[in-house]
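Each chain, written out:
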Amino acid sequence: MSIRHHDKMLIVDFGSQVTQLIARRLRESGVYCEIHPFQRAAAAFAGDAVRPKAAILSGGPASAARSECPKIPQVLLDSGIPLFGICYGQQILMEQLGGRVESGRHREFGRAYISALPDQRDDPIFDGFLESETEEVWMSHGDRVVREAPGFKIIGQSPNAPMAIVADSKRRYYGVQFHPEVHHTPNGGKLLRNFARVAGFSFDWSMSSFREEAVAHIRRYVGTSKIVCGLSGGVDSSVTALLVHEAVGSQLTCIFVDHGMLRRGEAAEVPRLFRKHYNIPVESVDSQDLFLSKLEGVEDPEAKRKIIGELFVQVFQERAKSLGNANFLAQGTLYPDVIESVSASGGPSSKIKSHHNVGGLPAKMKFRVVEPLRTLFKDEVRKLGRELGLPESFVGRHPFPGPGLAIRCPGAVTRSKLEILRQADAVFIDQIRAYGLYDEIWQAFAAILPVKSVGVMGDDRTYEFTCVLRAVTSVDGMTADYFPFQHSFLSETANRIINEVPGLNRVVYDITSKPPGTIEWE
């Protein structure tokens, strides 16, 4: 979906895993931006859909000191628009404009402190940034600039990065060695906002404007055709349903699929709650036998996701026939789904895992896909949900993956293991709610490991499964940290699970952050 009526920032993706955080920081300031891989940036710049007012060059894993490295499209350098290079983006900007980058001798990862050169503090890029003597930033690089390009001057430096910030104020070009987009650069958002201000942005993008433009786009795209929406009851699919319904009204039918891997009570609760709040048709389809039979004996997590994605589409296509051949399928795909399934808009970053509604979709299907949220992060979707009047009972729900409990059950999925998992998960969430912690946690769930261990209950030996509890704090799902429960909470919860859930004799708590782990287990 293109946004036609706002100043646009083009983000050229050179493969950084955190490129999308640049977009997040800018959107928080009211700047609309689109991410395009460097291979397609020239086409995006030339096309009517983008027409950027400025561009940001992301970080990436390549070395600008190598001749075969990814390059900035020449059309951007010739265009005269302001440019802002981050890490690799700074290095390749310097290299292509006549500076020099040195490889591998000055590696720097983690926290660093930069300072402005005394005679450069008045540069508008520093407004609200570097107000004290030093500013905390996050470095992650193996190369560094050793000679700035003609026209540039050094305006900021750190002990290990003498050209931490360079600028050509005449052309409104800037380059920084650190990452202003990450959480570990506390005031990095101010730096990006200052660049947008230098570039003349009007900061007029909001969830209200996104809603208006998304509705108009859906109407143009769908026309008078019928459309089905895969409804899971989570905030993503619920917001998608409301947005599509606002656009096309009675042309929409929501389909709730019980694939046998839902949480306890969800198959009845979700359709009931949705019908209660909205006058939108919801069809419930019991497909437990279909899904579980196809997953029997399948252990590989990618294979699970592919099977589930294909079966979802199969069910939707069968239901679409009964509705008079609906031609469109609406899904609650978000930016993190796209990023982890492929890479940002097809860029060079690594694939992490397939999502059932992105990488898990079959290559050929009869539907045309409508994904109005695919450029939004989870917190932005929640804002949009409130904009649409979605009740907090939906807006504040913890994320639940489309493949459901299948990816919280490493190894083969069986009905007995799923039932154990449902019970353990229900106890865990009940405990979290009882302690008033639900809204402090971004996502919480139980997983069941494919191993058994020896235990003792009363005077009897047991040999049963291990349950893993997982609870994380996050903003957008791109990074996450474990929630610091009190030991008394964990002890009480583990005791309840062991006593109330047959089939488990051991409970552990997962304290892995993302990265290096992912939030889900598969």
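Here, every reference points to the structure presented above.
Remember, it's a predicted structure, so these values are computed and weren't measured experimentally.

J.: Got a minute to help me understand the overall build of the chain in this structure?
T.: Scanning the chain from terminus to terminus reveals 15 helices and 20 strands. Relative to its length of 522 residues, the chain is compact, with a C-alpha radius of gyration of 25 Å against a globular reference of 24 Å. Dimensions of the chain along its principal axes, counting C-alpha atoms only, are 75 × 60 × 40 Å. Looking at the chain residue by residue over its 522 residues, the buried ones come to 60%. Partitioning the contacts of the chain with sequence separation of at least 6, the portion at a separation of at least 24 is 75%. Of the roughly 21,400 Å² of accessible surface on the chain, a fraction of 48% belongs to carbon and sulfur atoms. Taking the 61 positively charged and 61 negatively charged side chains of the chain as two groups, their mean positions are separated by 4 Å.

J.: What is the right way to look at unusual backbone geometry in this model?
T.: Outside of glycine, negative phi angles account for most residues, and trans bonds account for most peptide bonds. Going from K514 to P515, the amide bond is cis rather than trans, its omega being -15 degrees. By the element assignment, P515 lies in the segment after β20 (504–509). Note that the residue after P515, namely P516, is joined by a cis bond; omega there is 15 degrees. Inspection of the secondary structure puts P516 in the segment after β20. Not every positive phi belongs to a glycine, and C87 is a case in point at roughly 55 degrees.

J.: In this structure, what is going on with the pattern of salt bridges? I would like to understand it.
T.: Oppositely charged side chains can form a pair if their charged atoms are brought close together. All told, the structure shown has 22 salt bridges when counted by the stated rule. The shortest N-O distance in the salt bridge between E246 and R211 comes to 2.8 Å. Within this pair, whereas E246 is found in helix α7 (residues 235–248), its partner R211 is found in helix α6 (residues 207–222), the two being separated by 35 residues in sequence. Exposure remark for E246: the relative accessible area of 32% places this residue in the partly exposed category. Each of the salt bridges in this network shares a partner with another, and the network as a whole consists of R24, E28 and D379.

J.: Hey, could you run me through α7 in this one?
T.: Every α-helix winds through 3.6 residues per turn, so residues three or four apart in the chain are directed the same way. Here α7 is 14 residues long and its end C-alpha atoms lie 20 Å apart, about the 20 Å a rise of 1.5 Å per residue gives. Within the span of α7, buried status applies to V235, D236, S237, S238, V239, T240, A241, L242, L243, V244, A247 and V248. G249, located one to two residues past α7, shows a positive phi value of around 55 degrees.

J.: Quick question: what am I supposed to make of the packing of helix α1 (residues 19–28) against helix α5 (residues 188–198) here?
T.: For the pair α1 and α5, interaxial distance at closest approach is 9 Å and the crossing angle is 75 degrees. Between α1 and α5, the crossing angle belongs to the class labelled roughly perpendicular. From α1, I22, R25 and L26 reach across to α5, where they touch G188, G189 and L192. Along the lines of polarity and charge, the residues of the contact of α1 with α5 split into 3 nonpolar, 2 polar and 1 charged.

Parameters and conventions
Residues numbered from 1 in each chain as written. Predicted model: local features only at pLDDT ≥ 70, side-chain atom pairs only at ≥ 80, totals over all residues. Heavy atoms only, no water. Helix = DSSP H or I, 4+ residues; strand = E, 2+ residues; numbered from the N terminus. Rg over C-alpha atoms; globule rule 2.2 N^0.38 Å. Buried < 20%, exposed > 50% of the residue type's maximum accessible area, 1.4 Å probe, protein only. Contact = heavy atoms within 4.5 Å. Areas by Shrake-Rupley, 256 points an atom, 1.4 Å probe, with all protein chains shown as cover. Lys, Arg positive; Asp, Glu negative; His and termini not counted. Charge placed at Lys NZ, Arg CZ, Asp CG, Glu CD. Salt bridge = Lys/Arg side-chain N within 4 Å of Asp/Glu carboxyl O. Expected span 1.5 Å × (residues − 1). Axes fitted to C-alpha atoms, helices over the stretch in contact; angles between N-to-C directions. Parallel < 35°, antiparallel > 145°, perpendicular 65-115°, else oblique. Nonpolar A, V, L, I, M, F, W, Y, C, P; charged D, E, K, R; others polar.

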